[in-house]
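Spelled out, the chains give:
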Amino acid sequence: MAIDNPYAGVDVGEESRALNAAKGWHPPSAATARDRGDGPFKRLVLRGATVIDGTGAPPWGPVDIVVENDRIAALVPVGTPHKPINPARRPPAGDHEVDCHGKFVTPGFVDSHAHIGTPYHTMSGVAPPADYIYKLWLAHGVTTVREMGSMNGLGWNLDQKEKSERNEIAAPRILAHVVFPAVNDRVKTIHTPEQGREWVRKIKARGADGIKFFGAPPAIMQAALDEAAKVGLRSGCHHAQMAVTRVNALKSAQWGLTSSEHYYGLPEALFENRVVQDFPTDYNYGDEYFRFALAGQTFMQAAQPGSAKWREVMDRFLELDHTFVPTFNIYDANRDLMRARRADWHDDYTWNAIWKYFQPQRGGHGAYWYRWSTTNEIEWKQNYRLWMQFINEYKNLGGRVCAGSDSGFIFQIYGFGFVRELELLQEAGFHPLEVLRAATSLGADLLGVGDDTGSVDVGKRADLLVHDQNPLEDFKLLYGTGAMRLNDETGKVEWKRSLRHTVKGGVVYDTEQLLADVRALVKDSWEGDPDGPPHAR
């Protein structure tokens, strides 16, 4: 029996790590120390900021923000825009101060679907260290991540979570969700509803924050979700094609699922003249070209916008207070492969093994470019049009939509992929303030930490971003590479970047230092490699 089911005796939360280890794939090297960031300070003052608070409210200021240790202690209005500030109105000096006159302060970003690397990268070489990932996140303003899967092992993630909480490493706050091991094509150690309940109780006792489903037999998934509600665990589901005919996004939402990830399961909930997608007879889920080419056709086979079925499904999700984390960015290459493959940041910021992992290869997840075609891209563009329309309408009707990146796959890297998600939410129809809300306060609410972070307010954690320019004007300014601009005086191109400081729990990080560290790590990863970095191709 041990040979037939080698993972049956593995500790709960470690199943994915054991599965990957059996294939020779291992987690990234964990972060052990903090070499960047100043503070936290007994008293930190950010002077003269224009605040965009993350709730959807418009900018206001100037404001002096007082931080004591890791908490916002005061928001002090100090004047009127375009008029001199009366020094008598200002709070006393701090142990450390940041000049924010003419600058903007927002909450730190919440990446609601993230991975601290993936063991899969070791298929193509040495996986990047966790420091590479954390510094890219912090350099792009991400101060909290929802780790969706804990594929490095729950114990590995909890160690990093604790070190981050104590500011022993330069990393965002980490909330760990664990893969539910109940699907045949991944790892399956749960075979009955009671086993599912017991597993949920055990990962709660270990310290997990939630569960990541890829689907499960209906009775088992329903039992696990019921138990999760009892013990206070949140949940998200990638409704994979191998399970979605039995449990689509609406059915799992009715059972108490917290959020639907990506878009899988949503078009299936909208099917009205079929139950199963129109698969060709030679389809094989194990061939990722089939998997992703056909995934771009599902919305076109579903109920169309404005139809009775569309409205019925929309209304039911709203009644259930369900959350969508679309991760538009992670499938961006499907609609324009050349754009994603030649993005500005790959040359200096994409790690050797990650770049190689992205290239067409059989057996690698998200490397399915064996014969990607114009037709594939057109179908995915049509899929996005319908998908974005549903998500935007859901937001307009009061539904919660959050920003998540899923980076590390399909030509998306950490931090950069999150900023791309902000752009795509705007493309879907979100006002920039709505985008910022999805990326901050709503993300914090989804993770269950909305009382602690996600907006600029007294008593909350000092997770703050200092921007040289208004981020609402152009999200491209948030990219670590900056946005391309023409200097009319010199006639030369310049790259303008907005994010100056990331403050996580009162620790002030210089984003340029973080980016320089990443560039050095990436350069070293290519040292001696005859293939050369991406620009050499």
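Just so you know, these numbers come straight off a predicted model, no measurement behind them.

Reading the values: rules and limits
- Residues numbered from 1 in each chain as written.
- Predicted model: local features only at pLDDT ≥ 70, side-chain atom pairs only at ≥ 80, totals over all residues.
- Heavy atoms only, no water.
- Helix = DSSP H or I, 4+ residues; strand = E, 2+ residues; numbered from the N terminus.
- Domains from an automatic or database assignment.
- Contact = heavy atoms within 4.5 Å.
- Buried area = accessible area lost by both parts, 1.4 Å probe.
- Salt bridge = Lys/Arg side-chain N within 4 Å of Asp/Glu carboxyl O.
- Pairing = 2+ DSSP bridges.
- Right-handed = clockwise from strand over helix to strand, strands pointing away.
- UniProt positions renumbered as here; feature names shortened; annotations may be inferred.
- Buried < 20%, exposed > 50% of the residue type's maximum accessible area, 1.4 Å probe, protein only.
- Expected span 1.5 Å × (residues − 1).
- Phe/Tyr/Trp six-rings, centres within 6.5 Å; stacked < 30°, edge-to-face > 60°.
- Lys NZ or Arg CZ within 6 Å of the ring centre and 35° of its normal.
- Axes fitted to C-alpha atoms, helices over the stretch in contact; angles between N-to-C directions.
- Polar contact = N/O pair within 3.5 Å; in protein donor to acceptor, adjacent residues only side chain to side chain.

Looking at unusual backbone geometry
- In this model, G39 is joined to P40 through a cis peptide bond whose omega is 5 degrees.
- Its place among the elements puts P40 in the loop between α1 (15-22) and β1 (41-51).
- Between G61 and P62 the backbone carries a cis peptide bond, its omega angle lying at 5 degrees.
- If you check the backbone angles, T327 has positive phi at about 50 degrees while not being a glycine.

Topic: the domain arrangement of the protein
- Partitioning the protein into domains gives domain 1 (43-106 + 457-475 + 482-526) and domain 2 (109-447).
- Using only C-alpha atoms to locate each centre, domain 1 and domain 2 end up separated by 30 Å.
- Each side of the interface is counted separately: domain 1 has 30 residues, and domain 2 has 37 residues.
- Both faces considered, domain 1 and domain 2 share a buried interface measuring about 2900 Å² in area, 69% of it formed by carbon and sulfur atoms.
- The tally of links between domain 1 and domain 2 comes to two salt bridges.
- The salt bridge involving K135 is made with D517; its shortest N-O contact spans 2.9 Å.

Structural notes on the pairing of strand β10 (residues 234-237)
- Two elements, strand β9 (residues 210-213) and β10, share four bridges in a ladder whose sense is parallel. Across the sheet, residue F213 finds its bridge partner in β10, namely C237.
- Note that the unit made of β9, helix α5 (residues 218-231) and β10 has a crossover that is right-handed.
- Bridge analysis of β10 against strand β11 (residues 259-261) gives two bridges, and the strand direction is parallel. Each bridged residue has a counterpart across the sheet, and for C237 the counterpart in β11 is S260.
- Between β10 and its parallel partner β11, the chain crosses via helix α6 (residues 249-254), and the hand of that crossover is right-handed.

Quick word on the UniProt feature "domain: Amidohydrolase-related" (unreviewed entry) in the protein
- The positions UniProt marks with the feature "domain: Amidohydrolase-related" (unreviewed entry) are residues 396-476.
- Helix makes up 35% of residues 396-476 and strand makes up 7%, while its end C-alpha atoms are separated by 24 Å.

Some details on the pairing of β1
- Of all 11 residues that make up β1, nine are buried, and the element is covered over most of its length.
- Here β1 runs beside strand β2 (residues 60-69); their pairing, made up of six bridges, is antiparallel. Note on β2: the bridge partner recorded for L46 is I65.
- Two elements, β1 and strand β5 (residues 104-107), share two bridges in a ladder whose sense is parallel. Within β5, the residue paired with T50 across the bridge is F104.

A word on helix α3 (residues 154-165)
- With 12 residues, α3 extends 16 Å from end C-alpha to end C-alpha; this agrees with the ideal 16 Å at 1.5 Å per step.
- Here α3 has its buried residues at L154, W156, N157, L158, Q160, K161, K163 and S164.

Some remarks on the packing of aromatic side chains
- In the structure shown here, the tally under the stated rule is 42 aromatic pairs.
- Between the aromatic rings of Y368 and W369, the centroid separation amounts to 4.4 Å while the plane-to-plane angle is 40 degrees, which identifies the pairing as tilted. One exposure class covers both Y368 and W369, and it is buried.
- If you follow R362 out to its NZ or CZ, it ends over the ring of Y370, 4.0 Å from the centre.
- Over the aromatic face of F430 sits the side chain of K395, whose NZ or CZ is 4.7 Å from the ring centroid.

Some thoughts on the sheet that holds strand β12 (residues 323-325)
- Within the open sheet, the eight strands sit side by side as β6-β7-β8-β9-β10-β11-β12-β13. Their pairing is parallel. Looking at which strands have only one partner, the edges of the open sheet turn out to be β6 (109-114) and β13 (400-401).
- Note: β11 against β12, three bridges, orientation parallel. Bridge assignment links S260 to a residue of β12, and that residue is F324.
- Most of the contacts of helix α2 (residues 130-139) go to strand β7 (residues 142-149), to which it runs at about 130 degrees, and overall it touches β6, β7 and β8 (173-179).

Structural notes on the pattern of salt bridges
- Throughout the structure, instances matching the rule amount to 44 salt bridges.
- Where D64 meets R90, a salt bridge forms, and the shortest distance between an N and an O atom there is 2.8 Å. Of this pair, D64 sits in strand β2 while R90 sits in the loop between β3 (71-77) and β4 (96-99), placing them 26 residues apart in sequence.
- Overall, the relative accessible area of 0% leaves D64 in the buried class.
- With a relative accessible area of 22%, R90 lands in the partly exposed category.

Quick look at helix α8 (residues 288-295)
- Counted residue by residue, α8 has eight buried out of eight residues, so it is predominantly covered.
- Among the residues making up α8, those that are buried are E288, Y289, F290, R291, F292, A293, L294 and A295.
- Looking at the buried side of α8, the elements it contacts are α10 (332-335) and α14 (374-396).
- For α8, the N-terminal capping position is held by D287, with its side-chain oxygen 3.0 Å away from the main-chain nitrogen of Y289.

A look at the environment of G149
- Within the element layout of this structure, G149 appears in strand β7.
- The exposure class assigned to G149 is buried, which follows from its relative accessible area of 1%.
- Here the alpha-carbon distance between G149 and F213, two residues 64 residues apart in the chain, equals 8.5 Å.
- In this view, G149 contacts H177, V178, V179 and K212; residues no more than four positions away in its chain are not counted.

What about the environment of E162?
- Mapped onto the secondary structure, E162 falls in helix α3.
- Exposure remark for E162: the relative accessible area of 43% places this residue in the partly exposed category.

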